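# Coordinates in review
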Amino acid sequence: MIQLFDTALGRVAPIEPRTPGQVSMYVCGPTVYDVPHLGHGRFSLVFDVLRRYLEWSGFEVDYVSNITDVDDNIIKRANEEGRPPDAVVAEYEAMWWNAMDRLGVKRPTHDPHATAYVAPMVELVGRLVDAGIAYETSDGVYFESEQVDGYGLLARQSIDSLRAGERVAVNDEKRSPVDFALWKKAKPGEPSWPSPWGDGRPGWHTECVVMALDLLGEGFDLHGGGQDLAFPHHENERVQAVALGRAFARHWVHNGFVEVDRVKMSKSLGNFTTLTELLDHTDARAYRLLVLQSHYRSPVEVNADTVDRAVRTLERLDEYARRVAAAGLPDAAADASVVDRFRSHMDDDLQTPAAMAVLSDTVRDVNIALDEGRPDDAAPLAAAAAEILGAVGLTVGTDDEALDPATTDLVARRDAARADHDWATADAIRAELEAGGWVVKDTPSGTQVHR
Ligand SMILES: [Zn+2]
């Protein structure tokens, strides 16, 4: 069984599912008020790889990832731009799913929107108030964190150091600086829902705990997100459930940061920081490969050098896949020792860099076998490489000659537009290709597309 580093335990531990053969996981999704950034891309890829690997391992995975569609930042942006919050949400949520599709991230089994769960959120806040763990102030309802034993577990810090680390509260009605808002009373003109404490909206931490428990039930298997969410967001979700005696996530998994070297980046890729821009400038698969080549808890470095190296590796993998397809190898079961090596690295806290090394060695061995005219030796190894690629969600082996005539025409027209420096036309054709489900990349020899 797979072992993962559990933030609550502070060590690597086996994932023991609530129901044999099934894994239920909740990964905090975006607040949709801005373009997705590289950190969003990373957590989405890390948990997509984990999900795909679990599915490849035979588990049925129930994957919930929410959309936070009511929030201070959404309201702020809507006011600044003089449009309703719904319009801000619609624009940035569409951008989010577009980026996820381009990254090849599988859609969640459920993608709950916070505004669809306000009634059960009000109910949960009410129960915390009734239990004497939450209290009303002039601007909302707050959770009294220090009433829960072990508050700070996911921060791996004591309550004293957490208290000292908080900025002096602006709102002096809070009983402790670590108390957090469950309900925020609405100011005039803000989106609001009725509640026993007046019209308002739920706090972010309340949204996730309610949606996770509603869709996955008590004691669901795994809660994940970027490590910046471990505290306070995940800890504040956890203690709401604990305070009501409800079993929450069995395992807590967090991924590391993205390091962007803007100086190196600007050399050849332009100075950008958003995921959308990265996807516009390079083969989207390169980000998945970079994420796979780093351990999920380590920082991943995104700069022109690392992206270029990933693109070159993908080109070699594409070439390899075309060669294998052309070789017409005999049917063969995947080489068991290769698959076992891959599995042992993945089961060991998702050691994807080692797993990618197994892939690279296997590809090399297939190429050698083909060079030496040994198709029967190449076939089981090629089948094992295909298993690995599928398990981590990497698609390789584009065959430009197999494009349909309409796509070939679009590619040719785009290359002509680029040659004329007609970027507007080139971008429009790119959008048209992407709308047709193609991943588009610019190479020295022109536009290349693959599914
Ligand atoms: Zn969340």
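Small disclaimer: the values here were computed from a predicted structure and weren't measured. For every chain, the first residue of the written sequence is number 1, and numbering continues from 1 onward in sequence order. Thresholds applied to this predicted model are a pLDDT of at least 70 for local features of residues and 80 or more for the giving and counting of side-chain atom pairs; totals over whole chains, interfaces and linings are not thresholded and use all residues. For the side-chain quantities, the full set of heavy atoms in the structure was used; hydrogens and water were omitted.

### Observations concerning empty space enclosed by the protein
We place a 1 Å grid over just the protein atoms. Points where a 1.4 Å probe fits but has no way out form a cavity, open points with protein on both sides within 12 Å along at least 5 of 7 lines form a pocket, and any residue with an atom within 4 Å of a point lines it. Grid points are joined across faces, edges and corners, and a volume is the space filled by probe spheres set on the points. Counted by the stated rule, this structure contains two cavities of 30 Å³ or more. Considered as a void within the structure, the largest cavity measures approximately 110 Å³ in volume. The wall of the largest cavity is formed by 14 residues, among which Ser-65, Trp-96, Met-100, Val-105 and Pro-108 lie closest to the centre. Here a helix means four or more residues in a row that DSSP labels H or I, a strand means two or more in a row labelled E, and each is numbered from the N terminus. Looking at the lining of the largest cavity, the elements that each hand over two or more residues are helix H1 (38–56), strand S4 (60–65) and helix H3 (85–103). It is H3 that contributes the most residues to the lining of the largest cavity, three residues altogether. Put simply, Ala, Val, Leu, Ile, Met, Phe, Trp, Tyr, Cys and Pro go in the nonpolar bin, Asp, Glu, Lys and Arg in the charged bin, and everything else, Gly too, in the polar bin. Split by residue class, the lining of the largest cavity holds nine nonpolar, four polar and one charged. Looking at the second largest cavity, its volume works out to about 50 Å³. Lining the second largest cavity are Leu-45, Val-46, Val-49, Val-291, Leu-292, Ser-294, Tyr-296, Leu-350 and Thr-352. Where the lining of the second largest cavity is concerned, the elements lending two or more residues are H1 and helix H10 (285–293). In terms of residue count, H1 provides more of the lining of the second largest cavity than any other element does, three residues in total.

### Thoughts on the sheet that holds strand S8 (residues 200–202)
Between any two strands, at least two bridges found by DSSP are needed for them to pair. Taken together, four strands build an open sheet; the order of strands is S5-S6-S7-S8 and the sheet is antiparallel. Each of the sheet's edge strands pairs with one partner strand only, and the pair in question is strand S5 (134–136) and S8. Going across the sheet, the axis of each strand differs from the next one's by a mean of 20°, ignoring polarity. In this sheet, strand S7 (residues 180–185) lies alongside strand S6 (residues 140–143) in antiparallel orientation, the contact comprising four bridges. Its bridge partner being in S7, Phe-143 is matched across the sheet by Phe-180. Any two residues whose heavy atoms approach within 4.5 Å are treated as being in contact. For every element, the axis is a line fit to its C-alpha atoms; helices are fit only across the contacting stretch, and the angle between N-to-C directions ranges from 0 to 180 degrees. Contacts from helix H4 (residues 118–130) reach S5, S6, S7 and S8 within the one sheet, and its direction differs from that of S7 by about 120°. Helix-sheet contacts for helix H7 (residues 230–243) involve S6 and S7, and the interaxial angle to S7 is about 90°.

### Digging into the sheet that holds strand S10 (residues 251–255)
Read across the open sheet, the four strands follow the order S4-S3-S9-S10; overall the sheet is parallel. Every interior strand has two partners, whereas the edge strands, S4 and S10, have only one. Taking each pair of neighbouring strands and ignoring which way they run, the sheet shows an average axis angle of 20°. Here strand S9 (residues 222–226) pairs with S10 via five bridges, running parallel. Within the sheet, the bridge partner assigned to Leu-222 lies in S10 and is His-251. Taken strand by strand, helix H6 (residues 204–216) contacts strand S3 (22–27) and S4, and its axis lies near 160° from that of S3.

### Considering the packing of aromatic side chains
Paired rings are identified among Phe, Tyr and Trp, the last through its six-membered ring, by centres lying within 6.5 Å, and are further divided according to the angle between planes into stacked (under 30 degrees), edge-to-face (over 60) and tilted (the rest). Enumeration over the complete set of coordinates arrives at ten aromatic pairs. Centroid distance Phe-143 to Phe-180: 5.0 Å. Interplanar angle 20°. Geometry classified as stacked. Taken together, the residues span a long stretch of sequence, with Phe-143 in strand S6 and Phe-180 in strand S7 at a distance of 37 residues. Here Phe-143 matches Phe-180 in class, with each residue buried. Here the aromatic cluster, defined as three or more aromatic residues joined through ring pairs, consists of Tyr-53, Trp-56 and Phe-342. Whether a charge lies above a ring is judged from NZ of Lys or CZ of Arg, which has to be within 6 Å of the ring centre and within 35 degrees of the ring normal. Here the guanidinium or amino end of Arg-175 rests over the ring plane of Tyr-135, the centre of that ring lying 4.0 Å away. Think of it in three bands: with a 1.4 Å probe and only protein chains considered, a residue is buried below 20% of the maximum accessible area for its type, exposed above 50%, and partly exposed in between.

### Comments concerning the pattern of salt bridges
Salt bridges are defined as contacts in which a side-chain nitrogen from Lys or Arg sits within 4 Å of a carboxyl oxygen from Asp or Glu. Enumeration according to the criterion identifies 34 salt bridges in this entry. The salt bridge involving Arg-201 is made with Glu-190; its shortest N-O contact spans 2.8 Å. Residue Arg-201 is located in strand S8, and its partner Glu-190 is located in the loop between S7 and S8; the two are separated by eleven residues in the primary sequence. Both residues of the pair, Arg-201 and Glu-190, belong to the buried class. Of the charged contacts in the structure, one is a salt bridge between Arg-364 and Asp-365, with a shortest N-O distance of 3.1 Å. Residue Arg-364 is classed as partly exposed on the basis of its relative accessible area, which comes to 44%. By sharing partners, the salt bridges in this structure join Asp-34, Arg-77, Glu-81, Arg-83 and Glu-91 into a single network.

### Some words on the domain arrangement of the protein
Examined at the domain level, the protein breaks down into domain 1 (18–255), domain 2 (258–397) and domain 3 (401–450). Of the residues lining the interface, seven residues belong to domain 2; the matching set on domain 3 comes to five residues. Throughout, buried area stands for the accessible area (probe radius 1.4 Å) lost by two parts on being put together, summed over both. Taken together, the two surfaces of domain 2 and domain 3 that pack against each other cover about 510 Å², and 45% of this comes from carbon and sulfur. The tally of links from domain 2 across to domain 3 stands at zero salt bridges. By convention here, the domain bounds are inherited from an automatic or database domain assignment.

### Observations regarding the environment of Phe-231
Position of Phe-231 among the secondary structure elements: in helix H7. C-alpha of Phe-231 to C-alpha of Ile-368: the two residues are 137 residues apart in sequence and 50 Å apart in space. Setting aside anything within four residues of it in sequence, one finds Phe-231 in contact with Tyr-151, Ala-155, Leu-162 and Glu-166.

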